[in-house]
Amino acid sequence: MRRPLVIGNWKMHGTRKSNLDLIAQIQVGLNSNQNCDVAVCVPFVAIPEASTAVANSSLGLGSQNIANAEQGAYTGEVSASMLAEYQCKYALVGHSERRQIYLENDELVASRYDFAIKGGLIPVLCIGETDDEREQGKTFDVVEKQLSAVIEHYGVESLSKAVLAYEPVWAIGTGKTATPEQAQEVHAFIRQLIAKQNAAIAENLIILYGGSVKPDNAKELFGQADIDGGLIGGASLQADSFLAIVNAA
């Protein structure tokens with residue numbers, strides 16, 4: 001049975017003090033017996049202190065990106081081994097903001113995914129369509145193309161070491177949210193697509209939904225058969241709203 005997972009993506013927010021305060025508030029509200037894994041992906045500069053703060057707790061730590069190289073002349077990049085030194089468990093790869101703002105293509109995203117796995121981290125592979133693509137009826141084509149870029153290079157078996165996150169780009173930071181039925185439709189499509197190659201991996205794969213998840217819609221979203229939790233943006237910056245979403249999961 002798949003264990004629910006909720007990951008907060010803090011993006012480029014916070015100060016040294018506010019980040020540590022937020023971690024402390026989340027930890028106070030977590031139930032050590034809850035049937036749900038919880039993590040936060042913090043800015044790179046916050047990782048060392050966050051690592052100390054979450055040590056010996058049930059709150060996991062992740063990065064918001066990862067280099068597609070282990071070391072070398074890659075100014076501005078951070079490698080898997082550097083992240084592992086600070087007990088990072090997860091690494092986001094292919095977030096829509098990286099794809100859209102920084103023009104990361106499917107091949108680069110796939111390479112980052114591979115280096116995360118090689119470095120002992122769990123890549124959270126983000127896939128999803130834009131508003132225009134949905135309007136043109138291309139949702140399934142887009143998510144299949146983005147997923148295939150990974151499977152074709154590294155095999156469907158690699159997904160046993162990964163997490164997927166379906167994030168409709170049109171619902172990120174816009175206040176729009178896919179209805180539970182819309183989200184479930186795409187999650188089911190993704191799982192069925194993978195099942196054609198390996199049914200066991202498809203059944204056990206955690207697929208998160210990311211797109212304006214809030215306390216008032218989380219329970220209905222997470223109640224769908226193929227939605228295993230959430231990748232949470234803005235609502236993860238307030239402890240009470242994030243914890244309410246965790247409780248819904």
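This write-up is about the structure you can find in this document.

Reading guide: rules and limits
- Residues numbered from 1 in each chain as written.
- Predicted model: local features only at pLDDT ≥ 70, side-chain atom pairs only at ≥ 80, totals over all residues.
- Heavy atoms only, no water.
- Buried < 20%, exposed > 50% of the residue type's maximum accessible area, 1.4 Å probe, protein only.
- Helix = DSSP H or I, 4+ residues; strand = E, 2+ residues; numbered from the N terminus.
- Pairing = 2+ DSSP bridges.
- Axes fitted to C-alpha atoms, helices over the stretch in contact; angles between N-to-C directions.
- Parallel < 35°, antiparallel > 145°, perpendicular 65-115°, else oblique.
- Left-handed = near helix turned anticlockwise from the far one by under 90°.
- Contact = heavy atoms within 4.5 Å.
- Nonpolar A, V, L, I, M, F, W, Y, C, P; charged D, E, K, R; others polar.
- Arc of directions from axis to C-beta.

For strand β2 (residues 37-41), the tally of buried residues reaches four of five residues, placing the bulk of the element in the interior. In the sheet, strand β1 (residues 5-9) pairs with β2 via five bridges, with the strands oriented parallel. Looking at β2, one finds that glycine 8 is bridged to valine 40. The sheet contact formed by β2 and strand β3 (residues 59-63) spans four bridges and is parallel. Bridge pairing in β3 links alanine 39 to glycine 60.

Helix-helix packing: each pair is described by the crossing angle between the helix axes and the interaxial distance. Between helix α7 (residues 139-154) and helix α8 (residues 180-195), the shortest axis-to-axis distance is 11 Å and the interhelical angle comes to 45°. By the angle between their directions, the pair α7 and α8 is classed as oblique. Every pair of crossing elements has a handedness; the one defined by α7 and α8 is right-handed. Across the interface between the two elements, Thr139, Phe140, Val143, Glu144 and Leu147 from α7 touch Glu185, Val186, Phe189, Ile190, Leu193 and Ile194 from α8. Class assignment for the residues of the contact of α7 with α8 results in eight nonpolar, one polar and two charged.

Here we take up helix α10 (residues 215-222). Of the residues making up α10, those classed as buried are Asn217, Ala218, Leu221 and Phe222. Considered in projection along α10, the buried side chains sweep an arc of 125° and stay on one side of the axis. For α10, the exposed residues lying more than 90 degrees away from the buried face are Asp216, Lys219 and Glu220. Elements that come into contact with the buried residues of α10 comprise β1, α8, β7 (207-209), β8 (229-232) and α11 (239-248).

Any functional reading would require information beyond the geometric quantities listed.
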